[in-house]
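Results of the structural survey
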Amino acid sequence: RSLTRSKMSPREVLVEINSLFYENVERGHFISLIFGVFDLERKRFTFARAGHNPIISRRKGINQCERLCPAGNALGLESGEIFSKVIQEYSVPIEKGDLFVLYTDGFSEAMDNSLSQFGEERLDELVDKCNGAGAAEIIETIKRRVHSFVVDSPQHDDMTMVVVRIS
């Protein structure tokens, strides 16, 4: 949290977090995440991805979902030399109505009784269908569809989602 208050870019923040995390955690532990900044004055979203799922984006003028997936390794896998070489920062323009969906793989990898996964494609289709909805409604719709897909199969991973609608 303290690093995010600095003037560092999202990429620089993640490079520093990786170094601190690697120094302080037992080997074998890692974290995937996305760190980004929505700059409403400059109308840009700038982020870096540390091994996390791509961001699903539905932006004005683009008639389908796109996946924003700059390179990046999870935090804590190595001390930093490779991490800092691999991690990329990405920036996209934002406009009113643009949609960004950040999620953990518990949604896309949710399995039904026959061990079939919900999948990235179904997730993209749902986001496309919900394009005009508000953020809370999109989350609820996706949760309902995933839960109806898995029926009574046990949840095997966390399911966290953040939806940002530019207004």
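Check the entry above for the structure.
Being a predicted model, the structure only gives us computed values, none of them experimental. (Residues numbered from 1 in each chain as written. Predicted model: local features only at pLDDT ≥ 70, side-chain atom pairs only at ≥ 80, totals over all residues. Heavy atoms only, no water.)

Quick look at the side chain of Ser108
By the secondary structure assignment, Ser108 is in helix H3 (residues 105–108). Sequence-distant contacts of Ser108, that is, excluding residues within four places in its chain, are made with Tyr103, Gln117, Phe118, Gly119, Glu120 and Leu123. (Helix = DSSP H or I, 4+ residues; strand = E, 2+ residues; numbered from the N terminus. Contact = heavy atoms within 4.5 Å.)

Quick word on the sheet that holds strand E6 (residues 99–103)
Strand order in this open sheet of four strands is E4-E3-E6-E7, and the pairing throughout is antiparallel. Each end of this open sheet is capped by a strand with a single partner; those strands are strand E4 (66–68) and strand E7 (161–165). On average, adjacent strands in this sheet sit at an angle of 25 degrees to one another, irrespective of strand direction. Relative to E6, strand E3 (residues 55–58) is paired through three bridges, and the arrangement is antiparallel. By the bridge assignment, Ile56 is partnered in E6 with Val101. Contacting E6 and E7, helix H5 (residues 135–150) runs over the sheet at an angle of about 145 degrees to E7. (Pairing = 2+ DSSP bridges. Axes fitted to C-alpha atoms, helices over the stretch in contact; angles between N-to-C directions.)

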